[in-house]
Protein chains: 2
Amino acid sequence: MRLILAAGTTETALIDGISAAGAAPELTAHTPPADLEIVAYGEPTAAPVVPVSPTGCPTPAVVTRAVREVVGLEVTAVDAGLARPTAAPTVELGASPGEDVREPVAVADARETFERAHAFGASLPDDRLLIGETIPGGTTTALGVLVALGEPLSVSSSLPANPLERKRSVVSAALAASDREPGDCAGDPVEAIRLVGDPVQAAVAGIAAGALEAGIDVTLAGGTQLVAVAALLRHAGVEAPLSLATTSFVAADPAVDLDRAADRLGLAVETTDPGFDREEAVAMERYCAGEAKEGVGMGGALTVAEGELPAVRAAILECCERLGIGNGSAELRRSGG
Amino acid sequence: MRLILAAGTTETALIDGISAAGAAPELTAHTPPADLEIVAYGEPTAAPVVPVSPTGCPTPAVVTRAVREVVGLEVTAVDAGLARPTAAPTVELGASPGEDVREPVAVADARETFERAHAFGASLPDDRLLIGETIPGGTTTALGVLVALGEPLSVSSSLPANPLERKRSVVSAALAASDREPGDCAGDPVEAIRLVGDPVQAAVAGIAAGALEAGIDVTLAGGTQLVAVAALLRHAGVEAPLSLATTSFVAADPAVDLDRAADRLGLAVETTDPGFDREEAVAMERYCAGEAKEGVGMGGALTVAEGELPAVRAAILECCERLGIGNGSAELRRSGG
């Protein structure tokens with residue numbers, strides 16, 4: 001088993017009020033590089049930020065890292081359009097960062113990225129893959145492709161108060177800028193990504209499609225961004241069994257209907273409650289309050305460590321301490337400073 | 001603990017009679033990408049070759065992979081001048097492939113690569129690093145920098161009959177082309193690399209120097225190519241304790257004097273005998289006959305698995321079987337065929 005993490009960026013994340021991944025909009029491009037370094041090394045090593053929300057909620061990368069420390073999960077990161085360098089090792093797909101979905105074309109190289117990702121996924125000798133993501137703004141692009149495909153499913157948020165109306169109006173503007181109506185991309189998932197999606201969707205959908213064709217079991221590890229990928233796969237004609245592993249925080253989001261997603265898309269959904277309410281720590285309280293919820297493969301990683309959640313929680317707290325998170329300070333921390 | 005593998009290329013490998021890393025010279029550029037894929041995934045996934053010598057000796061990557069399977073060693077690969085793509089995840093140092101050392105300048109970006117590698121090594125939070133390499137032609141460039149530094153140490157070979165005279169004449173031609181005499185680069189290791197070395201030396205020396213400065217224990221994991229890196233580090237004024245972990249096959253090479261290297265360079269040398277003479281398998285017999293000997297961090301990986309060598313040998317044989325190596329066929333195998 002291997003966890004693949006596709007990391008990328010979209011200018012969509014810079015739209016006011018869209019994302020909590022990174023305390024300040026201009027720093028969100030550093031979040032995916034920092035997330036990959038946290039998973040690979042336990043802390044950001046070259047990225048100049050520790051991704052933590054303004055209220056002190058740490059990136060889910062610390063959860064995935066903690067799982068690695070406890071159960072030794074193998075992780076392979078994929079550069080699916082990073083806009084800033086990372087010192088983490090990455091598989092190179094040649095993907096470019098995504099544009100604001102309100103541009104006519106959001107992911108110019110969607111087709112090429114999907115195809116390279118497909119070849120990569122098909123080449124792997126693993127029996128089973130978990131595939132997760134890190135891309136700020138990703139729930140808005142998820143809504144973008146869901147609407148473009150005509151799938152009546154909603155999306156979650158990394159913010160406690162989901163700015164769904166804001167996302168819907170961004171997606172409407174995005175479709176209008178691409179001269180498309182809702183549902184116009186049904187059956188053409190790569191076109192949906194190209195017009196109103198993000199490069200991480202192209203990478204994750206491509207890897208999953210290639211792996212499934214090669215007979216590898218695939219679990220999409222994440223929340224509604226991965227539900228959108230499941231929709232892309234079904235619209236690509238992929239009929240293989242597909243599962244989604246996510247967190248109880250996503251399942252508890254009133255905007256999310258996982259049962260409906262499971263029904264429409266033929267998804268076996270597994271949710272894990274990491275038991276954050278059993279610890280007194282700001283970092284975990286923020287998750288219980290509905291922040292972050294998912295990302296960086298968190299839900300999938302937790303399924304792997306299901307019997308060892310107390311050890312995982314201890315490792316999370318150690319990781320947070322190392323990163324200077326949750327000690328009462330809500331300010332953005334820069335590494336090396 | 002983390003094993004770092006720096007992978008790169010030098011046109012020096014294409015000189016007739018220099019290297020056994022790859023059955024045919026024109027395919028040697030695929031050897032480091034294939035090695036990294038074997039370590040990451042258990043087999044080449046995108047590289048079009050399985051590195052195996054004409055007599056059926058597998059790349060030491062299978063040993064490092066086997067150790068990972070048995071003891072879960074964490075490996076981080078670094079692109080230190082790959083000339084062909086790899087599907088393995090790599091840390092990007094922006095290094096270019098090296099030229100033939102008989103050109104006036106062999107590694108134009110030696111300084112930049114050394115400095116980026118230094119920053120990477122210094123940034124890591126690990127307590128201990130093992131650092132290995134994969135670069136065909138690397139013992140010739142090792143001899144190059146040793147002579148340029150004025151260090152009277154000889155080098156090993158991936159061939160059973162070490163073509164030392166050939167290497168010495170190449171190094172003489174290399175120094176002449178750079179308008180230098182033996183010893184002219186004493187105290188200026190980056191210049192030695194730039195003129196008669198290879199990009200992997202710049203990466204390994206830089207990572208080691210940075211890590212040592214940050215208080216990380218460093219073990220150079222390899223044979224005389226890593227002895228050359230130790231010399232580069234001492235000529236850079238690095239005085240920290242430094243160890244070398246290599247195989248009994250390097251120690252048994254009559255061209256190699258590890259005691260002398262240890263004395264001159266202040267190196268704590270540890271050698272591991274993987275017990276290949278206890279198995280009846282072509283792949284292991286070739287090592288016992290003096291082929292390959294080291295590479296891809298093999299000696300260092302073996303120290304980590306010292307209590308589990310029978311399991312490692314079993315994993316090696318499984319890996320060889322998966323790769324179609326050692327079944328009596330000595331021909332070059334291409335993956336996917």
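Small disclaimer: the values here were computed from a predicted structure and weren't measured.

Calculation criteria
- Residue positions within a chain follow its written sequence, with the count starting from 1.
- Whichever chain is written first is A, and whichever ligand is written first is 1; the rest continue in order.
- The predicted nature of this model means local features are confined to residues of pLDDT at least 70 and side-chain atom pairs, given and counted, to a pLDDT of 80 or more, with totals for whole chains, interfaces and linings taken over all residues.
- Where side-chain values are given, they derive from all heavy atoms of the structure, hydrogens and water being excluded.
- Categorising residues by exposure relies on relative accessible area from a 1.4 Å probe, with only protein chains included: less than 20% of the type maximum marks a residue as buried, more than 50% marks it as exposed, and the intermediate range marks it as partly exposed.
- Secondary structure elements follow DSSP: runs of H or I of four or more residues count as helices, runs of E of two or more count as strands, with numbering from the N terminus.
- Directions drawn from the helix axis to the C-beta atoms are what define this arc.
- By definition in these notes, contact holds between two residues if any of their heavy atoms fall within 4.5 Å.
- By the criterion applied in these results, polar contacts are pairs of N or O atoms within 3.5 Å in which, for protein atoms, one can donate a hydrogen and the other can accept it, and in which residues neighboring in sequence qualify only through two side-chain atoms.
- All axes here are fitted lines through C-alpha atoms, helices being fitted over the stretch that makes contact, and every angle between N-to-C directions spans 0 to 180 degrees.
- By definition in this entry, angles of less than 35 degrees are roughly parallel, angles greater than 145 are roughly antiparallel, angles of 65 to 115 are roughly perpendicular, and the rest are oblique.
- Crossings are assigned a handedness: left-handed for a near helix turned anticlockwise from the far helix by less than a right angle, right-handed for a clockwise turn.
- In this count, Pro and Cys sit with the nonpolar residues alongside Ala, Val, Leu, Ile, Met, Phe, Trp and Tyr, while Asp, Glu, Lys and Arg are called charged and the others, Gly among them, polar.
- Confidence per residue, as judged by the predictor, is encoded in pLDDT with a range of 0 to 100.
- Put simply, buried area is the surface a 1.4 Å probe can reach on two separate parts but cannot reach once they are joined, added for both.
- We count a salt bridge whenever a side-chain nitrogen from Lys or Arg sits within 4 Å of a carboxyl oxygen from Asp or Glu.
- The atoms used to superpose the copies are C-alpha atoms, taken from residues with pLDDT of at least 70 in both, and the fit is least squares.
- Pairing of aromatic side chains requires ring centres within 6.5 Å, counting the rings of Phe and Tyr and the six-membered ring of Trp. Pairs whose planes differ by under 30 degrees are stacked, by over 60 edge-to-face, and all others tilted.

**Details of helix H10 (residues 258-265) of chain B**
Residue and element names in this part refer to chain B.
Then, in step 1: All of the buried residues along H10 are Leu 258, Ala 261, Ala 262 and Leu 265. Taken around the axis of H10, the buried residues stretch over an arc of 100°, which confines them to a single face. Looking at H10, the residues exposed on the side facing more than 90 degrees away from the buried face are Asp 259 and Asp 263.
Then, in step 2: Structurally, H10 contributes buried residues whose contacts are with helix H8 (224-235), strand S6 (242-247), helix H9 (248-251) and strand S7 (267-272).
Then, in step 3: Capping of H10 at its N-terminal end is provided by Asp 257; its side-chain oxygen lies 3.3 Å from the backbone amide nitrogen of Asp 259.
Then, in step 4: Backbone geometry just downstream of H10 places Gly 266 in the positive-phi region, at approximately 60°.

**Examining the packing of helix H2 (residues 61-71) of chain A against helix H13 (residues 309-323) of chain A**
The axes of two packed helices give the description: the angle between them and the distance between them.
All names here are of chain A.
Then, in step 1: Where H2 contacts H13, the two axes come as close as 8 Å, and the packing angle between them is 120°. The orientation of H2 relative to H13 falls into the category oblique. In the crossing of H2 with H13, the sense of the turn from one axis to the other is right-handed. Counting all contacts with H2, which are made through Val 62, Val 63, Arg 65, Ala 66, Val 67, Glu 69 and Val 70, the residues of H13 involved are Ala 311, Val 312, Ala 315, Ile 316, Cys 319, Cys 320, Arg 322 and Leu 323.
Then, in step 2: Broken down by class, the residue content of the contact of H2 with H13 amounts to 12 nonpolar, no polar and 3 charged.

**Topic: the confidence of the model for chain A**
Then, in step 1: Scored by pLDDT, chain A comes out at a mean of 94, with 95% of its residues at no less than 70.
Then, in step 2: Both scores are available for the predicted complex, with the pTM at 0.95 and the ipTM at 0.94.

**Structural notes on the interface of chain B and chain A**
Then, in step 1: Tallying the contact residues gives 18 residues for chain B and 18 residues for chain A.
Then, in step 2: A combined buried area of about 1400 Å² lies between chain B and chain A, and 54% of that area is made up of carbon and sulfur atoms.
Then, in step 3: Interface area lost by chain B to chain A is led by Tyr 41, Pro 89 and Pro 125 of chain B, which between them contribute 32%.
Then, in step 4: Here chain B is connected to chain A by 2 salt bridges.

**Focus: the relation of the copies chain B and chain A**
Then, in step 1: Note on the copies: chain B fits chain A at an RMSD of 0.0 Å, the axial shift is 0.0 Å, and the rotation between them is 180°. Here the symmetry operator amounts to a two-fold rotation axis.
Then, in step 2: Here 100% of the contact residues of chain B are again contact residues in chain A; the copies associate through an equivalent surface.

**A closer look at the environment of Cys 319 of chain B**
Then, in step 1: The topology assignment puts Cys 319 of chain B in helix H13 (residues 309-323).
Then, in step 2: Using a relative accessible area of 0% as the deciding quantity, one classes Cys 319 of chain B as buried.

**Brief notes about the packing of aromatic side chains**
Working definition: an aromatic ring pair is given by the centre-to-centre distance plus the angle between the planes.
Residue and element names in this part refer to chain A.
Then, in step 1: Counted by the stated rule, this structure contains 8 aromatic pairs over all chains.
Then, in step 2: Relative to Tyr 287, the ring of Phe 249 lies with its centre 5.8 Å away and its plane at 50°, an arrangement referred to as tilted. Of the two residues, Phe 249 is situated in helix H9 (residues 248-251) and Tyr 287 in helix H11 (residues 282-288); the sequence distance between them amounts to 38 residues.
Then, in step 3: Taking the relative accessible area as the measure of exposure, Phe 249 reaches 10% and is therefore buried.
Then, in step 4: Ring pairing ties together the aromatic residues Phe 249, Phe 276 and Tyr 287, which thus form one cluster.

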